[in-house]
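Structural characterization, general
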Amino acid sequence: MSAGWFRRRFLPGVAGGPLPAPRSPRPRASPVPYRRPRFLRGSGSCPGTPDAPRRPDARPVRCPARGRTLPWNAGYAEIINAEKSEFNEDQAACGKLCIRRCEFGPEEDQEWLTLCPEEFLTGHYWALFDGHGGPAAAILAANTLHSCLRRQLEAIGEGMVATQPPMHLSGCCVCPSDPQFVEEKGIRTEDLVIGALESAFQECDEVIGRELEAAGQVGGCTALVAVSLKGKLYVANAGDSRAILVRRDEVRPLSSEFTPESERQRIQQLAFVYPELLADEFTRLEFPRRLKGDDLGQKVLFRDHYMSGWSYKCVEKSDLKYPLIHGQGRQVTVLDLDQLELQEEDVVVMATDGLWDVLSNEQVARLVRSFLPGNREDPHRFSELAQMLIHSTQGKDGNPTEEGQVSYDDVSVFVIPLYSQSQGSSGH
């Protein structure tokens, strides 16, 4: 996200080489106080104080306190870098998403939405952020992204529960063939969630940019997010963190490094940066069909340059211009839990690049498969597994990585168990 979206890893793992020299700390007017994730309280961490630099053989691995349960009984562990910086630049967040219903007001006032107080849908959320240029952007993202996502999901709530997303969120029928236009575009309910995730990333990035600029700072962070909603797990990524699905006979990548994935998005972004190229005759936004005058004021399906999913916007006069593009793309991975026939040891592993610098997908899968079957009775086994994965990057306990590398970077790991969760993630 922000400047860190396209920045590669800070410190590659080095085999047998000397430790990097510690950098002199510079005083900063941080827009947010330094802290560790809230769910680590009681684990021995000290919120608000720097993590003391330590040798690689002395760095503690931290995980949630034994009495603290994360969503789906997920496991978590983290370790600070080997004197790369005074602070751990990774951040993590997780919790329950409570999405309320937005309803239209009276017919003559349809552009206004009313937010009802009762819960409409529920889901869960896990996120990792790897800061670049300091921890500030990662902390801001951990504090902000889930709120951005909840707002984006509440804005499309009625569309998410429809059999097929309607062209107009209010149910208005301007063109009798609207359902066919939506069907021809292949727009599904999950595309609305994808669009909400992408819009939340964009909104959060703008918040981070404003906060850092106001504080006179630069920097950014990567973002890796998993969201469970209505029986599906959505994994969105911006940067070089990674998520994989590990099953008994399968390892499936659930994320890839963030890059524009289609000509549609490249052209839309070019039009966004250089609007003069549109000559005031075209709109860079994409709609399922060419809009008409009767669509003015209605909330209709659309997508912009940063989206492969879809959302809704209120049609303005400028949207009636000739559309610049057509096309379909994907940047968010969707896992349909109801179709997986889940087994007890099926998990999703999410981690920052400090893990993946020295462990491959297959190596992580082998460690998962060797650990879980023998620890089925341990209620804390998923955090124990996360700790074991981190220890495997440190050359400890006579278990160095096959390449003999040690990760000197920050490492943060979520292990999310999927077994028996498909019904629990369906919401109301």
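Residues numbered from 1 in each chain as written. Predicted model: local features only at pLDDT ≥ 70, side-chain atom pairs only at ≥ 80, totals over all residues. Heavy atoms only, no water.

Digging into the packing of helix α7 (residues 361–371) against helix α8 (residues 381–391)
Where we set the bar: Fitting a line to C-alpha atoms yields each axis, with helices limited to the stretch in contact; the angle taken between N-to-C directions then spans 0 to 180 degrees. Put simply, DSSP H or I for four residues or longer makes a helix, DSSP E for two residues or longer makes a strand, and each gets a number counted from the N terminus. Comment on the angle field: the value is read as roughly parallel under 35 degrees, roughly antiparallel over 145, roughly perpendicular from 65 to 115, and oblique elsewhere. Handedness of a helix crossing follows the sense of rotation of the near helix relative to the far helix, less than a right angle counterclockwise being left-handed and clockwise being right-handed. Residue contacts follow a heavy-atom distance rule, with two residues in contact if any of their heavy atoms lie within 4.5 Å. Under the scheme applied, nonpolar residues are Ala, Val, Leu, Ile, Met, Phe, Trp, Tyr, Cys and Pro; charged residues are Asp, Glu, Lys and Arg; polar residues are all the others, including Gly.
Orientation of α7 relative to α8, taken along the N-to-C sense of each, is 140 degrees, at an axis distance of 11 Å. With respect to each other, α7 and α8 are oriented oblique. Pair α7 / α8 crosses with right-handed handedness. Contacts between α7 and α8 pair Val364, Leu367, Val368 and Phe371 from the former with Arg381, Glu384, Leu385, Met388 and Leu389 from the latter. Of the residues assigned to the contact of α7 with α8, the class counts are seven nonpolar, no polar and two charged.

What to know about the confidence of the model for the protein chain
For the record, the criterion: Values of pLDDT, which run from 0 to 100, indicate the predictor's confidence residue by residue.
With 79% of its residues at a pLDDT of 70 or more, the protein chain has an overall mean of 82. Counting interchain partners and residues more than four positions distant, the pLDDT-below-50 stretch residues 326–330 has 19 contacts. Predicted confidence for residues 422–428 stays below pLDDT 50, and this span has 18 contacts to residues more than four positions away or in other chains.

Focus on the side chain of Arg247
As a reminder, the rule being used: Exposure categories follow from relative accessible area, calculated using a 1.4 Å probe and restricted to protein chains: below 20% of the type maximum is buried, above 50% is exposed, and the middle band is partly exposed. By the criterion applied in these results, polar contacts are pairs of N or O atoms within 3.5 Å in which, for protein atoms, one can donate a hydrogen and the other can accept it, and in which residues neighboring in sequence qualify only through two side-chain atoms.
For Arg247, the location among the structural elements is in strand β6 (residues 242–247). For Arg247, a relative accessible area of 13% puts it in the buried group. Polar contacts involving the side chain of Arg247 include one to the main-chain carbonyl oxygen of Glu341, which spans 3.0 Å.

Thoughts on a nonpolar patch on the surface
Stated precisely, the cut-off is as follows: For patches, a residue must show more than 30% relative accessible area and have no salt bridge; joins then use 9 Å for like charges and 5 Å for nonpolar side chains, namely Val, Leu, Ile, Met, Phe, Trp and Tyr. Each accessible area value is a Shrake-Rupley result obtained with a 1.4 Å probe; residue values ignore everything except the protein chains displayed when judging cover. Here a salt bridge means any side-chain nitrogen of Lys or Arg lying within 4 Å of a carboxyl oxygen belonging to Asp or Glu.
On the surface, Leu270, Phe272, Val273, Tyr274 and Leu277 cluster together into a nonpolar patch covering about 480 Å² of accessible area. Relative to the assigned elements, Val273 resides in helix α5 (residues 263–273).

Some words on the side chain of Asp295
Structurally, Asp295 can be placed in the loop between β8 (282–283) and β9 (299–302). Apart from residues lying up to four places away in sequence, Asp295 is in contact with His168, Val174, Arg289 and Val315.

Comments concerning unusual backbone geometry
As a rule of thumb, non-glycine residues mostly have phi less than zero, and peptide bonds are mostly trans rather than cis. Phi at Asn73 takes a positive value of approximately 60 degrees, unusual for a residue other than glycine. Structurally, the position occupied by Asn73 is in the segment before β1 (75–79). Relative accessible area serves as the criterion here: at 30%, Asn73 is assigned to the partly exposed category.

Side note on helix α4 (residues 189–214)
Keep this limit in mind: In this scheme, a helix's expected span is set at 1.5 Å multiplied by one less than its residue total.
Here α4 is 26 residues long and its end C-alpha atoms lie 38 Å apart, about the 38 Å a rise of 1.5 Å per residue gives. Across the 26 residues of α4, 20 count as buried, placing the element largely inside the fold.

With respect to the pattern of salt bridges
One pass over the structure, following the stated rule, counts 19 salt bridges. When the shortest N-O distance is used, the salt bridge between Glu250 and Arg252 registers 2.8 Å. For Arg252, a relative accessible area of 30% gives the class partly exposed. Across the pair Lys321 and Asp280 runs a salt bridge, and its minimum N-O distance is 2.5 Å. Of this pair, Lys321 sits in the loop between β10 (311–314) and β11 (322–323) while Asp280 is found in the loop between α5 and β8, placing the two residues 41 residues apart along the sequence. By relative accessible area, which is 60% here, Asp280 ends up exposed. Here the salt bridges do not stand alone but share partners, grouping Arg188, Glu190, Asp191 and Lys232 into one network.

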